[in-house]
Amino acid sequence: MGALKPWHIAVLVVVLILLFGAKRLPDAARSLGRSLRIIKAETKSLQEDDRDLAEKADAQAGYQPLPPQAGQQAPYQQAPTQQPVVDPVHRVRDN
């Protein structure tokens, strides 16, 4: 039970011919083949893009920022502020 027997395949072929017609079956198979080829090419290109991104990330992981020159502060560091930062929600509750 559950195994395909030759008469199952024959019935399936007859049903397909009745549904689609003998002339449309080759066209349908051809378009299905083209679609599968396109899907295969797209998934392959996505995998290659992922590999390229991973290689770029690995290459950039070794970069270190330049140390600041004497007498200059690094641009990514902020000077300390005089006033503490207050959350707006707490400021409204205090009033």
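Within any chain, residue numbers begin from 1 and follow the written order of that chain's sequence. Local features in this predicted model are restricted to residues whose pLDDT is 70 or higher, and side-chain atom pairs enter the listing and the counts only when it is 80 or higher, whereas totals over whole chains, interfaces and linings include all residues. Excluding hydrogens and water, the side-chain figures rest on all heavy atoms present in the structure.

Visitor: Just to check I follow, could you spell out the overall build of the protein for this structure?
Guide: Across its full length, the protein holds 3 helices and 0 strands. The order of helices and strands in the protein, counted from the N terminus, is α-α-α. Here the term buried applies to any residue with accessible area under 20% of the maximum for its type, exposed to any over 50%, and partly exposed to those in between, with areas from a 1.4 Å probe on protein chains only. Taken over 95 residues, the protein has a buried fraction of 1%. Of the roughly 9600 Å² of accessible surface on the protein, 61% is carried by carbon and sulfur atoms. Counting from the N terminus, the helices are the DSSP runs of H or I reaching at least four residues and the strands are the DSSP runs of E reaching at least two. Only the protein chains shown count as cover for residues, and the accessible areas themselves come from Shrake-Rupley with a 1.4 Å probe.

Visitor: Help me understand the confidence of the model for the protein, please; the structure alone is not making it clear to me.
Guide: The predicted coordinates should not be examined in detail at positions where pLDDT is low. Values of pLDDT, the confidence the predictor places in each residue, fall between 0 and 100. The pLDDT averaged across the protein works out to 77; a share of 59% of its residues lies at or above 70. Put simply, helix α3 (residues 88-94) is where the protein has its lowest mean pLDDT, 60, and helix α1 (residues 6-20) is where it has its highest, 88.

Visitor: Where do I start with α1 in this structure?
Guide: Since the α-helix turns once every 3.6 residues, residues separated by three or four places project in the same direction. Each helix should span, by expectation, one fewer than its residue count multiplied by 1.5 Å. Here α1 spans 21 Å end to end across 15 residues, near enough to the 21 Å set by a 1.5 Å rise per residue. One or two residues past the end of α1 sits Gly21, with phi positive at roughly 90 degrees.

Visitor: Just checking my understanding: could you explain a negative patch on the surface for this structure?
Guide: Judged by side-chain charge, Glu48, Asp49, Asp50, Asp52 and Glu55 come together as a negatively charged surface patch. Relative to the assigned elements, Asp50 resides in helix α2 (residues 24-61). Residues with no salt bridge and a relative accessible area higher than 30% make up the patches, which join like charges within 9 Å and nonpolar side chains (Val, Leu, Ile, Met, Phe, Trp, Tyr) within 5 Å. Just to be clear on terms, a salt bridge is a Lys or Arg side-chain nitrogen sitting within 4 Å of an Asp or Glu carboxyl oxygen. Asp and Glu are treated as the negative residues and Lys and Arg as the positive ones, with His and the ends of the chain left uncounted. All charge positions are set by atom: Lys at NZ, Arg at CZ, Asp at CG, Glu at CD.

Visitor: Explain a nonpolar patch on the surface to me, please; I cannot follow it from the model alone.
Guide: Together, Trp7, Val11, Leu12, Val15, Leu16, Leu19 and Phe20 line one region of the surface with nonpolar side chains, adding up to about 690 Å² of accessible area. Looking at where Leu16 falls in the secondary structure, it is placed in helix α1. Residue Leu16 is classed as partly exposed on the basis of its relative accessible area of 34%.

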